[in-house]
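# Inside the fold
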Amino acid sequence: MKFRLTPLNIITALGLALLVASFFGPATGKGQLNFGGFYKWLLLALVVVTFVSDLIFRFALKSLKRIWMVELLFIAATAILILILQK
């Protein structure tokens, strides 16, 4: 089986690492992670959504180059929509 690294894989791994670090790291201290329960649930939702989106793009597109292009466009569009909705 061939392992294909994609942008959403990277975001999923980083989100999962941050989530695990927020559960097992110290809750107080300077420069430490201090997430409330809501933000932990939000981060868990991010991990699930990016994982499922990555699977959908993998099944829909067979070329690794196209997967990278589509996923980077997906990430950029999501970031732009978040910035627009914050205003």
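Report follows, based on the coordinates. Numbering of residues starts from 1 in each chain and follows the order in which that chain's sequence is written. For this predicted model, a pLDDT threshold of at least 70 governs which residues receive local features, and a threshold of 80 or more governs which side-chain atom pairs are given and counted, while totals over whole chains, interfaces and linings are taken from all residues. Neither water nor hydrogens contribute to the side-chain values; these are computed over all heavy atoms in the structure.

### Observations regarding the layout of surface pockets
Using a grid of 1 Å spacing that covers the protein atoms alone, one calls a set of points a cavity when a 1.4 Å probe fits there but cannot get out, and a pocket when the set is open and has protein on both sides within 12 Å along at least five of seven lines; lining residues are those with an atom within 4 Å of a point. Grid points are joined across faces, edges and corners, and a volume is the space filled by probe spheres set on the points. In this structure, the largest pocket spans a volume of roughly 310 Å³. Looking at the largest pocket, it is lined by 13 residues, and the ones nearest its centre are Leu46, Val49, Thr50, Thr78 and Ile82. Looking at the lining of the largest pocket, the elements with two or more residues in it are helix H1 (7–24), helix H2 (37–60) and helix H3 (64–86). Strands here are runs of E lasting at least two residues and helices are runs of H or I lasting at least four, both read from the DSSP assignment and numbered beginning at the N terminus. The element that contributes the greatest number of residues to the lining of the largest pocket is H2, accounting for six residues. The nonpolar class holds Ala, Val, Leu, Ile, Met, Phe, Trp, Tyr, Cys and Pro. Asp, Glu, Lys and Arg form the charged class, and all remaining residues, Gly among them, are polar. Taken together, the residues that form the lining of the largest pocket break down as 11 nonpolar, two polar and no charged.

### Some words on the packing of aromatic side chains
Each Phe, Tyr or Trp ring (for Trp, its six-membered ring) is paired with any other whose centre lies within 6.5 Å, and the angle between the two planes then decides the class: stacked below 30 degrees, edge-to-face above 60, tilted in between. This structure, assessed with the given rule, holds two aromatic pairs. Ring centres of Phe38 and Tyr39 lie 5.4 Å apart, and the angle between their planes is 70 degrees; this geometry places the pair in the edge-to-face category. Any residue under 20% of the maximum accessible area for its type is buried, any over 50% is exposed, and the rest in between are partly exposed; the area is computed with a 1.4 Å probe on protein chains only. Taking relative accessible area as the criterion, Phe38 reaches 58% and is therefore assigned exposed. Judged by centre distance (5.5 Å) and plane angle (70 degrees), the rings of Phe57 and Phe74 are edge-to-face. Residue Phe57 is located in helix H2, and its partner Phe74 is located in helix H3; the two are separated by 17 residues in the primary sequence. For Phe57, a relative accessible area of 17% translates into the label buried.

### Some details on the environment of Leu55
With respect to the helices and strands, the residue Leu55 is situated in helix H2. Sequence-wise, Leu55 and Asn9 are 46 residues apart; in three dimensions their C-alpha atoms are separated by 9.5 Å.

### Details of a nonpolar patch on the surface
A patch is a set of surface residues, each over 30% in relative accessible area and not in a salt bridge, joined within 9 Å for like charges and within 5 Å for the nonpolar side chains Val, Leu, Ile, Met, Phe, Trp and Tyr. To measure how exposed things are, a 1.4 Å probe is used in the Shrake-Rupley method; for residues, cover is taken only from the protein chains shown. Salt bridges are identified by distance alone: a Lys or Arg side-chain nitrogen within 4 Å of an Asp or Glu carboxyl oxygen. Where nonpolar side chains cluster on the molecular surface, the patch consists of Trp41, Leu44, Val48, Phe51, Val52, Leu55, Ile56 and Phe59 and spans about 830 Å² of accessible area. You can see Trp41 is positioned in helix H2. Note on Trp41: relative accessible area 63%, which makes it exposed.

### So, H1
The terminal C-alpha atoms of H1, which comprises 18 residues, lie 26 Å apart, in line with the 26 Å expected from a rise of 1.5 Å per residue. Of the positions making up H1, those classed as buried are Pro7, Leu8, Asn9, Thr12, Gly15, Leu19 and Ser22. Buried-residue contacts for H1 involve H2 and H3. Here a helix's expected span is defined as the number of its residues, less one, multiplied by 1.5 Å. Here a residue-residue contact requires only that any non-hydrogen atoms of the pair lie within 4.5 Å.

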